[in-house]
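Overview (structure and organization)
Listed below, chain by chain, are the residues.
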Amino acid sequence: AQRVTQPEKLLSVFKGAPVELKCNYSYSGSPELFWYVQYSRQRLQLLLRHISRESIKGFTADLNKGETSFHLKKPFAQEEDSAMYYCALSGHAGGTSYGKLTFGQGTILTVHP
Amino acid sequence: DTGVSQNPRHKITKRGQNVTFRCDPISEHNRLYWYRQTLGQGPEFLTYFQNEAQLEKSRLLSDRFSAERPKGSFSTLEIQRTEQGDSAMYLCASIGTDSNYEQYFGPGTRLTVT
């Protein structure tokens, strides 16, 4: 069984402060990890995925297989980062992704001016 | 708009009625997914299609739920004899085989069962 846990439902920081959204997962195989974001009144969209190792909008996330974590970080939060963030996992075996996503419960990030 | 579209955006129905939702994926995407999202939770997988074949169904999908993708393009999700517990946001997503597995989500259909 695969599971994604986001321990914080709410996270508030001030503009310019560092932010870290936590994500832990359980999966017996080789997972693909993603962060999806939903801004107010917009649809769910991909922020980043672990294998691309990119920084998107200043956010990075490192897959730590030992700790089964995929925390999302940004050194200096901006007001426009306020949104709902979901960590998600997709099973991956034999070079083929199953595709279906297992989501965490989400973290609402609020960045205060 | 070339993104994923869903209709209707909102549906209010009485308990016991049948409802049908439609999803139009991005045209070249061959995989289509349905998810359900209840208040305070992340989306939960319901089912997915590769072209017209339904390849996986979640245990969440009771026998009152049925999904089709008859020509491998748009998909419909039908709920028969709706119950109040079916109230949720129903999301559709699509993906192409060469898109690095990014799922593109529609805006969702919000179902309220009274």
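Residues numbered from 1 in each chain as written. Chains lettered and ligands numbered in written order. Predicted model: local features only at pLDDT ≥ 70, side-chain atom pairs only at ≥ 80, totals over all residues. Heavy atoms only, no water.

So, the nonpolar core
Which entries qualify depends on this criterion: The term nonpolar core refers to a set of buried residues drawn from Ala, Val, Leu, Ile, Met, Phe, Trp, Tyr and Cys, joined through side-chain atoms within 4.5 Å. Only protein chains enter the accessibility calculation, which uses a 1.4 Å probe; a residue is then buried when its area is under 20% of its type maximum, exposed when over 50%, and partly exposed in between. Each helix is a run of DSSP H or I of at least 4 residues and each strand a run of E of at least 2, with the numbering of both proceeding from the N terminus.
Counting 24 residues, the largest nonpolar core has A:Trp35, A:Leu72 and A:Tyr85 as the members making the most contacts within it. Contributions of two or more residues to this core are made by strand S2 (10-14), strand S3 (19-21), strand S5 (32-38), strand S6 (45-49), strand S9 (83-93) and strand S11 (107-112) of chain A. For this core, the element with the most residues is S9(A), which contributes 4 residues. Counting residues in each nonpolar core, the second largest holds 19 residues, with B:Val19, B:Leu61, B:Leu77 and B:Ala88 among its members.

Considerations on the interface of chain B and chain A
Interface size is commonly expressed as the accessible surface area that is lost when the partners come together. Formally: We call two residues in contact whenever any of their non-hydrogen atoms come within 4.5 Å of each other. A simple way to read buried area is as the amount of 1.4 Å-probe accessible surface that goes missing from two parts once joined, with both sides added. Each salt bridge in this description consists of a side-chain nitrogen of Lys or Arg and a carboxyl oxygen of Asp or Glu lying within 4 Å of one another. Any pair of nitrogen or oxygen atoms within 3.5 Å is treated as a polar contact; in protein, a donor-acceptor pairing is required on top of that, and neighbouring residues in sequence qualify only through side-chain atoms on both sides. Throughout, the ten residues Ala, Val, Leu, Ile, Met, Phe, Trp, Tyr, Cys and Pro are labelled nonpolar, Asp, Glu, Lys and Arg are labelled charged, and all others, Gly among them, are labelled polar.
Across the boundary between the two partners, chain B contributes 21 residues, which contact 18 residues of chain A. It is B:Pro43, B:Tyr101 and B:Phe105 that lose the most area in chain B upon contact with chain A, and together they represent 32% of the buried surface on that side. Applying the counting rule to chain B against chain A returns 1 salt bridge. We note a salt bridge from B:Glu56 to A:Lys100, for which the minimum N-O separation is 2.5 Å. At the surface where chain B touches chain A, the tally comes to 8 residue pairs in polar contact (both at pLDDT 80 or more). Counting residues per element, the ones that place at least two in the side of chain B that touches chain A are strand S4 (31-37) and strand S5 (44-50) of chain B. Tallying contributions element by element places S4(B) first for the side of chain B that touches chain A, with 4 residues. Split into classes, the residues belonging to the side of chain B that touches chain A amount to 9 nonpolar, 8 polar and 4 charged.

Brief notes about the pairing of S6(A)
Residues and elements named next belong to chain A. As a reminder, the rule being used: Between any two strands, pairing holds if DSSP finds at least two bridges.
Of all 5 residues making up S6, 4 are buried, and the element is well covered by its neighbours. Sheet topology note: the S5/S6 ladder contains 4 bridges and is antiparallel. Along S6, the bridge assignment pairs Val37 with Gln45. A loop of 6 residues connects S5 with S6, the two strands running antiparallel in sequence, and Arg41 in this loop sits at a positive phi of about 65°.

A word on unusual backbone geometry
Generally, phi is negative for residues other than glycine and the peptide bonds are trans, each holding for most cases. B:Pro8 follows B:Asn7 through a cis peptide bond whose omega is -10°. Relative to the elements of secondary structure, B:Pro8 occurs in the loop between strand S1 (5-7) and strand S2 (10-13). Phi at A:Arg41 is positive, roughly 65°, even though this residue is not glycine. Mapped onto the elements, A:Arg41 comes out in the loop between S5 and S6. Among the residues examined, A:Arg41 registers a relative accessible area of 83% and is labelled exposed. Look at A:Thr68: it is not a glycine, yet its phi comes out positive at around 45°. Within the secondary structure, A:Thr68 is located in the loop between strand S7 (60-61) and strand S8 (72-74).

Points about the packing of aromatic side chains
Heads up, the condition is: Any two of the Phe, Tyr and Trp rings considered here, Trp counted by its six-membered ring, make a pair once their centres fall within 6.5 Å; the pair's planes then place it as stacked at under 30 degrees, edge-to-face at over 60, or tilted in between.
The final tally for this structure, using the stated rule, is 12 aromatic pairs over all chains. Considering the side-chain rings of A:Phe34 and A:Tyr36, the 6.2 Å spacing of their centres and the 45° angle between planes classify their relative orientation as tilted. Given the relative accessible area of 1%, A:Phe34 is considered buried. A relative accessible area of 0% places A:Tyr36 in the buried class. For the ring pair B:Tyr33 and B:Tyr48, a centre distance of 4.9 Å and an interplane angle of 15° mean the geometry is stacked.

Re the environment of B:Gly96
The topology assignment puts B:Gly96 in the loop between strand S9 (88-95) and strand S10 (104-105). Not counting chain neighbours up to four residues away, the residues in contact with B:Gly96 comprise B:His29 and B:Asn30.

Things to note about the sheet that holds strand S7 (residues 65-68) of chain B
Residues and elements named next belong to chain B. Cut-off, in case you're wondering: Angles here are taken between N-to-C directions and fall from 0 to 180 degrees, while the axes themselves are lines fitted to C-alpha atoms, restricted in helices to the stretch in contact.
Spatial ordering of the open sheet is given by S1-S3-S8-S7, a layout of 4 strands whose pairing is antiparallel. Of all strands in the sheet, those with a lone pairing partner are S1 and S7, marking the two edges. Strand-to-strand twist of the sheet, defined as the mean angle between neighbouring strand axes without regard to direction, takes the value 15°.

Here we look at the state of the cysteines
Stated formally: Pairs of cysteine sulfur atoms within 2.5 Å are what we label disulfides.
Under the definition given, this model contains 2 disulfides over all chains. Across the disulfide from A:Cys23 sits A:Cys87; the S-S distance is 2.0 Å. The sign of the S-S torsion, about -65°, decides the handedness of the disulfide formed by A:Cys23 and A:Cys87: left-handed. With A:Cys23 in the loop between S3 and strand S4 (24-26) and A:Cys87 in strand S9, this pair connects stretches of sequence that are 64 residues apart. Taking relative accessible area as the criterion, A:Cys23 reaches 0% and is therefore assigned buried. Residue A:Cys87 is classed as buried on the basis of its relative accessible area, which comes to 0%. Between the sulfur atoms of B:Cys23 and its disulfide mate B:Cys92 the distance is 1.8 Å. Around the S-S axis, the bridge from B:Cys23 to B:Cys92 shows a dihedral of about -65° and counts as left-handed.

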